[in-house]
Amino acid sequence: MWKSQIGKLMHSLKAFKGSKPLFETDDMLIVKGVCRDEEFDNYESIKDYLRDKLKKENFEIVEDVEEIDKFISKINDIFKENPAYLDTFGFEKMKESFEMIGCECDYIIAKKRNIMVGVCMYFDKKRKNPKFVEVLGVLFPKI
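Fair warning: this is a prediction, and the values are worked out from it, not measured in the lab.

Student: Break down unusual backbone geometry for me, with residues and values.
Tutor: Excluding glycine, most residues fall at negative phi; most peptide bonds, likewise, are trans. The linkage connecting N129 with the following residue, P130, adopts the cis geometry, with an omega of -5°. Residue N58 is not a glycine yet carries a positive backbone phi of 65°. Here N58 is to be found in the loop between α2 (46–56) and β3 (60–61). Residue R113 is not a glycine yet carries a positive backbone phi of 50°. Considering the arrangement of structural elements, one finds R113 in the loop between β4 (103–112) and β5 (115–124). R113 sits in the exposed class, given a relative accessible area of 67%.

This is how it looks when you write it as structure tokens:
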């Protein structure tokens, strides 16, 4: 049932059509798609666009380091990763890598009840399209 929230989010980004799950377990879902939302051009930045779309889907933007650390730890638990390297979450390195090759890239972390998501968007700065969207959703046990 929680995965439908990821689907609704992809739908609000106009990225549901043709989207594909890249990884799926009972506690995690990673989906990639192409944003076809013409409203994107009305925003100053990727982050502003993602923030607005997440808020419209009743997600709360997460900026608290402790909450982000819980998100990272859960991802590492699922992937059985060693958190010894600096950018455990990976979005910062991904952002830097895309920017080095001429792409615009940004991400945002949000939560809704016991679901946390990391949403990333990137595209070629010159062509502006396609606008790729990746959503990594994690389910936490209800408290």
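There's more to say after this.
Student: Describe in detail helix α3 (residues 65–79), supporting the description with residues and values.
Tutor: End to end, α3 covers 21 Å across 15 residues, agreeing with the expected 21 Å (1.5 Å per residue, within 8%). Taken together, the buried positions of α3 are occupied by E67, I68, F71, I72, K74, I75, N76 and I78. Tucked into the core, α3 has its buried residues touching β1 (20–24), β2 (28–35), β4, β5 and β6 (131–139). Two residues or fewer past α3, K80 is found with a positive phi of approximately 60°.

Student: I'd like a rundown of the sheet that holds β3, residues and numbers included.
Tutor: Across the sheet, 6 strands lie side by side as β1-β2-β6-β5-β4-β3; this open sheet has antiparallel pairing. In this open sheet, the two strands that pair with only one neighbour each are β1 and β3. Taken strand by strand, α2 contacts β2, β3, β4 and β5, and its axis lies near 25° from that of β4. Of the strands in this sheet, β1, β2, β4, β5 and β6 are in contact with α3, which crosses β6 at around 85°.

Student: Go over the pairing of β2 with me, naming the residues and quoting the values.
Tutor: Residues in a regular strand project their side chains so that they alternate between the two faces of the sheet. Burial runs high along β2: 6 of the 8 residues are buried. Pairing analysis gives 4 bridges linking β1 to β2, with the strands arranged antiparallel. Along β2, the bridge assignment pairs F23 with I30. Where β1 folds back onto β2 in an antiparallel hairpin, the turn is made up of 3 residues. Judged from the 8 bridges that link them, β2 and β6 form a sheet pairing that is antiparallel. Residue pairing in the sheet places C35 in a bridge with K131 of β6.

Cut-offs and rules
Residues numbered from 1 in each chain as written. Predicted model: local features only at pLDDT ≥ 70, side-chain atom pairs only at ≥ 80, totals over all residues. Heavy atoms only, no water. Helix = DSSP H or I, 4+ residues; strand = E, 2+ residues; numbered from the N terminus. Buried < 20%, exposed > 50% of the residue type's maximum accessible area, 1.4 Å probe, protein only. Expected span 1.5 Å × (residues − 1). Contact = heavy atoms within 4.5 Å. Pairing = 2+ DSSP bridges. Axes fitted to C-alpha atoms, helices over the stretch in contact; angles between N-to-C directions.

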